[in-house]
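What follows is the residue order along each chain.
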Amino acid sequence: MTNGLENPGRRSLVLGAAAMAVAAGTPTRARAKAALLKAQSPYFYRFPLGDGEATIVSDGTLPLGDPHTNFLGLSPAEMDAQLTSNFLPLSNAVLEQNILILNTGNRLVLFDTGMGSLKLFGPTTGKLLATMKQAGIDPKDIDAVVMSHAHVDHCGGCMADDGSRNFPNAQYYISQADFDFWTDPTKVPQAFGAFLDTARKNLLPNRDRMVFYKDGQEFLPGIQALAAPGHTVGHSIFMITAGKENLCYIGDLTHHPVLLMEKPLTEFAYDTDPKQSAQSRVRMLTMLAQNRIPVLAYHFAWPGIGHVAADGKGGFRYYPEAMKMDL
Ligand SMILES: [Zn+2]
């Protein structure tokens, strides 16, 4: 039916290109044989925020394992349907660790610190200091370390294994509720022994440099704490205002861009109080959606910036933002 002119099709185009190559006297076969490079691009991303500058640096991926054992309340069929329709694997939920470094112009603020040397989730974590180096940021220049909560993947990078501070000139900010809970052997459940040890290792030596932020408090210029408890007793998110711009650092308000969003009352296995966590999630996501505030989600796909919107069915949808490669 086609005559090769009105609808040439792929085969005709390929033949046409080969014919042109021969006509021009160039070889039709690649002669170069390049080695596979097996090296990834640097793991940081920078963008302007108001008068300041934000850099996201990664602590590496955190493979949680089987989503069916980590996210609770959906039937296996419903979970598989959610994952499949979003082109996500059924067998391993891999989280990122998107750490924000905010340069306000007169202060360098680090939000959460990754896992440090702890390899509870395998070998891919613990990259923070290396990625900061890639990003040209000296740990000695960090003025403030702000922690959303005291879990291993958020406080684990404060101290080096030799007992020295990774951020020697920083003041530390966390909720008192989390500090008190996760450093206390009588409060932390037995199964969370590594969490207790990590919090004690990283938080106790900094007790005299610790500032306890309060719900609603602007504890650093342009940085307000908003209590979002449930994931941990004192889990908090941070509303950042820089000039006319906002960015909400949502920490562990939601660990998964689909499974804790489409049905946001789905529970997460690491929550201290999963019911309260779900209520905090719905309340904060509703506020962020209504006000169209961009979010930085610590555990979403790299680099974790986007917006959330209500889906009209009681759930939420995450819209990742494209990286802007021109500063
Ligand atoms: Zn986390």
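Residues numbered from 1 in each chain as written. Predicted model: local features only at pLDDT ≥ 70, side-chain atom pairs only at ≥ 80, totals over all residues. Heavy atoms only, no water.

Peer 1: Please give an account of the coordination of the zinc ion that cites residues and values.
Peer 2: At this site the zinc ion is bound by Asp153 (OD), His154 (NE2), Asp252 (OD) and His299 (NE2), with donor distances of 2.1 to 2.2 Å. In the primary structure, the donors to the zinc ion are separated according to the pattern D-H-x97-D-x46-H. On the criterion of sequence distance, the pair formed by Asp153 in helix α5 (residues 152-155) and Asp252 in the loop between β14 (245-249) and β15 (267-268) is long-range, its members being 99 residues apart. (Donors = N, O, S within 2.8 Å, 3.2 Å for Na, K, Ca; no water. Helix = DSSP H or I, 4+ residues; strand = E, 2+ residues; numbered from the N terminus.)

Peer 1: Describe the sheet that holds strand β11 (residues 218-220), listing the residues and the values that go with them.
Peer 2: With respect to topology, seven strands assemble into an open sheet ordered β11-β12-β13-β14-β16-β17-β18, the strand pairing being mixed. Looking at the sheet topology across the chains shown, the edges are occupied by β11 and β18 (316-320). The sheet contact formed by strand β16 (residues 295-296) and strand β17 (residues 305-310) spans two bridges and is antiparallel. In the sheet register, Val295 faces β17, and the bridge partner there is Gly306. Here helix α8 (residues 274-290) sits on the sheet and contacts β12 (223-227), β13 (236-242), β14, β16, β17 and β18; the angle it forms with β17, its principal contact strand, is near 100 degrees. (Pairing = 2+ DSSP bridges. Contact = heavy atoms within 4.5 Å. Axes fitted to C-alpha atoms, helices over the stretch in contact; angles between N-to-C directions.)

Peer 1: So, unusual backbone geometry: which residues are in play, and what are the values?
Peer 2: Following Trp302, the chain continues into Pro303 via a peptide bond in cis, with omega recorded as -5 degrees. Examined against the element boundaries, Pro303 turns out to sit in the loop between β16 and β17. Backbone geometry places Arg292, a non-glycine residue, at a positive phi of 55 degrees. If you trace the backbone, Arg292 turns up in the loop between α8 and β16. The exposure class assigned to Arg292 is exposed, which follows from its relative accessible area of 68%. (Buried < 20%, exposed > 50% of the residue type's maximum accessible area, 1.4 Å probe, protein only.)

Peer 1: An account of the UniProt feature "domain: Metallo-beta-lactamase" (unreviewed entry) in the protein is needed here, citing residue identities and associated values.
Peer 2: With numbering matched to this structure, UniProt assigns "domain: Metallo-beta-lactamase" (unreviewed entry) to residues 96-299. Regarding residues 96-299, the helix share stands at 23% and the strand share at 22%, and the terminal C-alpha atoms are separated by 5 Å. (UniProt positions renumbered as here; feature names shortened; annotations may be inferred.)

Peer 1: Residues and numbers for the packing of aromatic side chains, please.
Peer 2: Inspection of the entire model under this criterion finds 20 aromatic pairs. Taking 5.6 Å as the distance between ring centres and 25 degrees as the angle between the ring planes, the aromatic pair formed by Tyr45 and Phe47 counts as stacked. Exposure class is identical for Tyr45 and Phe47. Each is buried. Look at Tyr173 and Phe219: their rings are 5.4 Å apart centre to centre, the planes differ by 40 degrees, and that puts the pair in the tilted class. Here Tyr173, found in strand β9 (residues 171-174), pairs with Phe219, found in strand β11; they are 46 residues apart in sequence, far enough to count as distant. Accessibility assignment for this pair places Tyr173 and Phe219 in one class, buried. Through successive ring pairs, a cluster of aromatic residues spans Phe71, Phe121, Phe181, Trp182, Phe192, Phe195, Phe268 and Tyr270. In this structure, Arg207 is placed above the aromatic ring of Phe179, and the distance from its NZ or CZ to the ring centre is 5.4 Å. (Phe/Tyr/Trp six-rings, centres within 6.5 Å; stacked < 30°, edge-to-face > 60°. Lys NZ or Arg CZ within 6 Å of the ring centre and 35° of its normal.)

Peer 1: Before we move on, could you go through the nonpolar core and cite the residues and values that matter?
Peer 2: Grouped together as the largest cluster of nonpolar side chains are 70 residues, with contacts concentrated most on Phe111, Ile142, Val145, Phe167, Leu203, Phe219 and Phe238. Membership of the second largest hydrophobic core comes to 19 residues, among which are Leu226, Ile250, Phe300 and Phe316. (Core = buried A, V, L, I, M, F, W, Y, C linked by side-chain atoms within 4.5 Å.)

Peer 1: Explain the sheet that holds strand β2 (residues 52-58) residue by residue, including any values.
Peer 2: Strand order in this open sheet of seven strands is β1-β2-β6-β7-β8-β9-β10, and the pairing throughout is mixed. Strands with a single pairing partner mark the edges of an open sheet, and in this sheet they are β1 (44-49) and β10 (210-212). Taken over all neighbouring pairs, the strand axes of this sheet differ in orientation by 20 degrees on average, direction set aside. Bridging between strand β8 (residues 144-146) and β9 involves three bridges; their strand directions are parallel. From the neighbouring strand, Val145 faces β9, where its bridge partner is Tyr172.

Peer 1: I'd like a rundown of α8, residues and numbers included.
Peer 2: Taking 1.5 Å per residue as the helical rise, α8 with its 17 residues ought to reach 24 Å, and the 24 Å between its terminal C-alpha atoms agrees with that figure. The complete set of buried residues in α8 reads Ser277, Ala278, Ser280, Arg281, Met284, Leu285, Leu288 and Ala289. Projection of α8 onto a plane perpendicular to its axis shows the buried side chains occupying an angular sector of 160 degrees, all on one side. For α8, exposure combined with an orientation more than 90 degrees from the buried face picks out Lys275 and Gln290. (Expected span 1.5 Å × (residues − 1). Arc of directions from axis to C-beta.)

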